[in-house]
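Structure at a glance
Listed here are the chains, written in short residue letters.
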Amino acid sequence: MMLPTSRTMASEEFVFSVIYFLLTMCLLFTPTEFRAAGLTIENILSSWLGSEDMHLIYYHIKKTSANVVIHSALPLGYYIGLGFVSQKLDLFSFSQLTLPWMIFLGAAIGTFGIGLSLFLLWKRQNWNNHPIAKSLGYHGNSWRLAASSINIEFRRIDKFQTGPAGRRTYVTDSWIIKTSPYSVKIAHQQDCHLNVVKTEEHAISHESSTGAQFVTLNVISLNENIPDFEIRLNSIDYKDLKDKVASPLVNARNIIIQQSTTERFVLAFRNQVDANPTYNLPEGSPEPGNCIGCLQIQSNVKLIKRCDDQESGDCVQCYCRPMWCCDCMCKWFASRQNQTRPETWLGGKSPCPTCRSVFCMLDVSLVNNIG
Ligand SMILES: [Zn+2]
Ligand SMILES: [Zn+2]
Ligand SMILES: [Zn+2]
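Because the structure is a prediction, the values reported are computed rather than measured. (Residues numbered from 1 in each chain as written. Chains lettered and ligands numbered in written order. Predicted model: local features only at pLDDT ≥ 70, side-chain atom pairs only at ≥ 80, totals over all residues. Heavy atoms only, no water.)

Quick notes on the overall build of the chain
Of regular secondary structure, the chain possesses 12 helices and 12 strands. Against the globule reference of 21 Å for 371 residues, the chain gives a C-alpha radius of gyration of 29 Å, more extended than a compact globule. Referenced to the eigenvectors of the C-alpha coordinate spread, the extents of the chain come out at roughly 85 × 75 × 35 Å. Counting the 371 residues in the chain, one finds 42% classified as buried. In the chain, 59% of the contacts between residues at least 6 apart in sequence involve partners at least 24 apart. Taken as two groups, the 33 positive and 31 negative side-chain charges of the chain have centres that lie 4 Å from each other. (Helix = DSSP H or I, 4+ residues; strand = E, 2+ residues; numbered from the N terminus. Rg over C-alpha atoms; globule rule 2.2 N^0.38 Å. Buried < 20%, exposed > 50% of the residue type's maximum accessible area, 1.4 Å probe, protein only. Contact = heavy atoms within 4.5 Å. Lys, Arg positive; Asp, Glu negative; His and termini not counted. Charge placed at Lys NZ, Arg CZ, Asp CG, Glu CD.)

Considering the UniProt feature "transmembrane region" (unreviewed entry) in the chain
In the UniProt entry, the feature "transmembrane region" (unreviewed entry) is given for residues 101-122. Taken end to end, residues 101-122 comprises 100% helix and 0% strand; its first and last C-alpha atoms sit 31 Å apart. (UniProt positions renumbered as here; feature names shortened; annotations may be inferred.)

Remarks on the coordination of the zinc ion (ligand 3)
Distances from the zinc ion (ligand 3) to its protein donors, C307 (SG), C315 (SG), C360 (SG) and D363 (OD), fall at 2.0 to 2.4 Å. Because the angles between the four donor atoms bound to the zinc ion (ligand 3) fall within 97 to 121°, the donor set is best described as tetrahedral. Sequence positions of the donors to the zinc ion (ligand 3) reduce to the motif C-x7-C-x44-C-x2-D. With C315 in the loop between β9 (301-303) and α12 (326-335) and D363 in the loop between β11 (358-360) and β12 (364-366), this residue pair connects regions lying 48 residues apart in the sequence. There is no split in this pair, since C315 and D363 are both buried. (Donors = N, O, S within 2.8 Å, 3.2 Å for Na, K, Ca; no water. Tetrahedral: all angles 85-135°; square planar, octahedral: opposite > 155°, others 65-115°.)

Observations concerning the domain arrangement of the chain
Entries for the chain in the domain assignment read domain 1 (2-39 + 73-129), domain 2 (156-259) and domain 3 (262-366). Computed from C-alpha atoms alone, the centre-to-centre distance between domain 2 and domain 3 is 36 Å. (Domains from an automatic or database assignment.)

A few points about the environment of I220
Mapped onto the secondary structure, I220 falls in strand β6 (residues 212-221). On the basis of relative accessibility, which here comes to 18%, the residue I220 falls in the buried class. Distance from I220 to F84, taken between C-alpha atoms, is 51 Å for residues 136 residues apart in sequence. Leaving out residues up to four positions away in the same chain, I220 has contacts with D191, C192, H193, N195 and D228.

Points about the pattern of salt bridges
Any two side chains of opposite charge can pair if their charged atoms end up close together. Inspection of every chain in the model, using the stated rule, returns eight salt bridges. Among the ionic pairs, D173 bridges to R156, the shortest N-O distance being 2.7 Å. You can see D173 sitting in the loop between β2 (169-171) and β3 (175-179) and its partner R156 sitting in the loop between α9 (143-154) and β1 (160-162), a full 17 residues away along the chain. Here K244 makes a salt bridge to D158, at a shortest N to O gap of 3.3 Å. With K244 in helix α10 (residues 238-244) and D158 in the loop between α9 and β1, this pair connects stretches of sequence that are 86 residues apart. Through salt bridges that share partners, R156, D158, D173 and K244 make up one connected network. (Salt bridge = Lys/Arg side-chain N within 4 Å of Asp/Glu carboxyl O.)

What to know about helix α5 (residues 56-72)
When the terminal C-alpha atoms of α5 are compared, their 24 Å separation across 17 residues agrees well with the 24 Å that a helix rising 1.5 Å per residue should span. When you tally the buried positions in α5, you get 14 out of 17 residues, the bulk of the element. (Expected span 1.5 Å × (residues − 1).)

This is how it looks when you write it as structure tokens:
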């Protein structure tokens, strides 16, 4: 009868660990469902934190401090919880602890000690020591004056905001503010400029129906006490940001910030064509001329049926010589799709622009030996 009992014990500890781990993850990366149900630190501490809309800076000073304390208490919370749940481990008889548990307990107490000390240090003299207060202090004589200037501008409805809850970027008339769980970065628009650093393309995929492009900008302050920081936003919001930012916005490398679905599709199409097998121009055949779509670039794609479209059986071999460039072929393909449902484009079909043979994206090959 011993075996089943000890098995139950082991599973108690396992179940507790899994639940604690999941709760920790939910605390650190609050899922939307938790947010909707109001299960966030912000909500639970709302009366102490005050209103973000009315007192942005004080709200974030308190919120970052609370995060530091609560998150630093998580390992110790695990130890205490496990001590109550487990009857086998006997975690509260400190003299009989095994070495690994002793180390864990020491580290957990140390982490919480550091978190709590930071909190108490920051809170002294009515938050004068908090990093946000310190960084605001570099913007003028008193951090409280800077804070109230930000708070006043933040209450206006025409501020720009982007990003997920808890990690939002705000642009007010004269400030750029980036919030995150442990810190808030603030730059005064007057003494900074923005640099487009890079873009990331998320091509149309099964997960997202339209695809997206994200732009990363570096906020560089002339004030040497304010470190540079990055902000990241969906390119759809880029124009609004540009309208709101009074400081110079530099796109030195001329990074293309796209907006339309067609342009995003060109990227996905291009990726697929790059992955397809290439086509070797037969020995002795004439060089392809310029693309008959744009007349600018040499034709560089050939349609070769390579897919096995068992379901529809629509695709057929096209015998046209290369007459189009990849971009024009893509735009033609996109124009033949259902314009209201871009998520279907990747799996779509189109007739060859010259001979009308049906092809899909898998049938587009780059021509190898030209130029
Ligand atoms: Zn072309
Ligand atoms: Zn054809
Ligand atoms: Zn096909």
